[in-house]
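# A closer look at the structure
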Amino acid sequence: ANFQKLNIPKRLLEILYKQHDDLYIDPFECDKLSGGEGLVNLMLFFFENYNLFDVFLIKPKVVRGYFEEVMKGYLDNPYHNKVHAQDVAQTCNFLLSKCKFIEIGQLDEQDIACVLIAGAIHDYGHPGLTNAFLINSRNDLALTYNDQSVLEMYHPSQCFKIAWGNQKVNIFENLQFHKYRRIRESIILMVLSTDMAHHASELAITNSRIAAPDFEPNGKDKQRLMDLIVHSSDVSNPTKSFEIYKNWTEKVLTEFWLQGDKERDLGLPISYLCNRYTTNTAEAQVGFIDYVVKPTFACVLGFLPAYEPFFQNLDKNKAKWQELIEYYKQQLASIQPK
Ligand code: 8BR
Ligand code: ZN
Ligand code: ZN
């Protein structure tokens, strides 16, 4: 591989050489070291690393142009921004390579490309408001997508339009018809799987598939496992170092509380976790770990044994939040509801 020709800022490239498959790479640092272009440079690194320029029969210039456009479409939300996208793409790569999903699922270069692209685009154009808010406020996106996985339909739709709307950045242009159809389908399925509304039902099916005698991680069950890689990466904050995890938590709750303020003003029901006067940050995270993240990564562990050492982080981080519950209770008591 020749990473030099990609024009990745030198200090970021040094980090990516050493840490591109590391769970503890700091996405905020990567973004800073590349002048706010972390997502673009990370994707260029992956394209070279996995030989994806040859799979797509395109030049680095087109890939750079495409992900520049994708990156620009991420709004400056507290949480759902380009650094979250970069974080999810990078965590997908960690599960693919360090946890050996590439080998277990016998992923070819095309599958790898689909997972990493899905991670990069999965929250494109996110307005910092949830599906429930968009539906309740009769937002145009909810009307367009008939209240069904509104955002998860919107993100990939826009990202395919970026490619086909400008030949200069169309990474799909040189793919054969059938190859393009398969890549498109796979990416869309992965992004749709990040809708939390499908979390419980899909996880139950995936668990039963993994336990089934005819389970085929490299055959008919592969797409389902690829979906799980992207969905689990999306909720992977609690598996990281507590410092980085806490940072993300403050961001996600800041975004939720801004939505809650809007709901209050509009007279809409205030969504779960969105009331800044009643939501205990630490308690919410204990619940998130127990009911969402642990079951998700227990499923991941079911087919990626190499994930085991990282699974321990969930209990360590949960214990830290438990110690903080009282502190957050006092914080809540000290702020006056309007
Ligand atoms: P999205 O990134 O697609 O929105 O999915 C992640 C969802 O998990 C968030 O929208 C939120 O509902 C929930 N969540 C909670 Br609760 N705590 C979180 C945290 N610390 N980090 C990420 N997501 C969190
Ligand atoms: Zn999302
Ligand atoms: Zn996300």
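Given the structure is predicted, the values throughout are model-derived calculations rather than measurements.

Rules of the game
Residues numbered from 1 in each chain as written. Chains lettered and ligands numbered in written order. Predicted model: local features only at pLDDT ≥ 70, side-chain atom pairs only at ≥ 80, totals over all residues. Heavy atoms only, no water. Donors = N, O, S within 2.8 Å, 3.2 Å for Na, K, Ca; no water. Helix = DSSP H or I, 4+ residues; strand = E, 2+ residues; numbered from the N terminus. Buried < 20%, exposed > 50% of the residue type's maximum accessible area, 1.4 Å probe, protein only. pLDDT = per-residue confidence, 0-100. 1 Å grid on protein atoms, 1.4 Å probe; cavity = no way out; pocket = protein on both sides within 12 Å on 5 of 7 lines; lining within 4 Å. Points joined across faces, edges and corners; volume = space filled by probe spheres on them. Nonpolar A, V, L, I, M, F, W, Y, C, P; charged D, E, K, R; others polar. Expected span 1.5 Å × (residues − 1). Contact = heavy atoms within 4.5 Å. Core = buried A, V, L, I, M, F, W, Y, C linked by side-chain atoms within 4.5 Å. Lys, Arg positive; Asp, Glu negative; His and termini not counted. Salt bridge = Lys/Arg side-chain N within 4 Å of Asp/Glu carboxyl O. Polar contact = N/O pair within 3.5 Å; in protein donor to acceptor, adjacent residues only side chain to side chain.

## Points about the coordination of the zinc ion (ligand 3)
Taken together, the protein ligands of the zinc ion (ligand 3) are H84 (NE2), H122 (NE2), D123 (OD) and D234 (OD), with distances of 2.1 to 2.2 Å. In the primary sequence, the donor residues of the zinc ion (ligand 3) line up as H-x37-H-D-x110-D. Separating the zinc ion (ligand 3) from the zinc ion (ligand 2) is a gap of 3.7 Å, bridged by D123, which donates to each. Here H84, found in helix 6 (residues 82-97), pairs with D123, found in the loop between helix 8 (109-121) and helix 9 (131-136); they are 39 residues apart in sequence, far enough to count as distant. Accessibility assignment for this pair places H84 and D123 in one class, buried.

## Structural notes on the confidence of the model for the protein chain
Chain-level statistics for the protein chain give a pLDDT mean of 97 and a share of 100% at 70 or above. Predicted complex metrics record ipTM = 0.93 and pTM = 0.98.

## Points about the layout of surface pockets
As a volume, the largest pocket reaches approximately 1,000 Å³. Lining the largest pocket are 40 residues, and of these T130, M196, F256, L273 and F288 lie nearest its centre. Among the elements of the structure, helix 9, helix 11 (150-165), helix 15 (242-266) and helix 16 (281-303) are those that each provide at least two residues to the lining of the largest pocket. At seven residues, helix 15 tops the list of elements feeding residues into the lining of the largest pocket. A class-by-class count of the residues in the lining of the largest pocket yields 21 nonpolar, 14 polar and five charged. If you add up the space inside the second largest pocket, you get close to 150 Å³.

## Notes on helix 14 (residues 222-234)
Between its first and last C-alpha, helix 14 extends 19 Å over 13 residues, near the 18 Å set by a 1.5 Å rise per residue. With eleven of its 13 residues buried, helix 14 lies for the most part within the structure. Looking only at helix 14, the buried set comprises K222, L225, M226, D227, L228, I229, V230, H231, S232, S233 and D234. Turning to helix 14, the residues buried within the fold contact helix 6, helix 7 (101-104), helix 8, helix 12 (177-192), helix 13 (199-211) and helix 16.

## Some words on the nonpolar core
Of all hydrophobic cores here, the largest spans 95 residues; its most connected members are F56, Y66, F172 and Y307. It is helix 16 that contributes the most residues to this core, ten residues altogether. Beyond its immediate chain neighbours, meaning those up to four positions away, Y66 contacts I121, C159, I162, A163, V169, I171 and F172.

## Section: the side chain of E255
As for its placement among the helices and strands, E255 is situated in helix 15. Buried and without a salt bridge, E255 has K251 as its closest oppositely charged side chain, separated by 9.2 Å. For E255, the side chain forms a polar contact with the side chain of H80, separated by 2.6 Å. Beyond its immediate stretch of four places on either side in the chain, E255 contacts N77, P78, Y79, H80, H126, G128 and L129.

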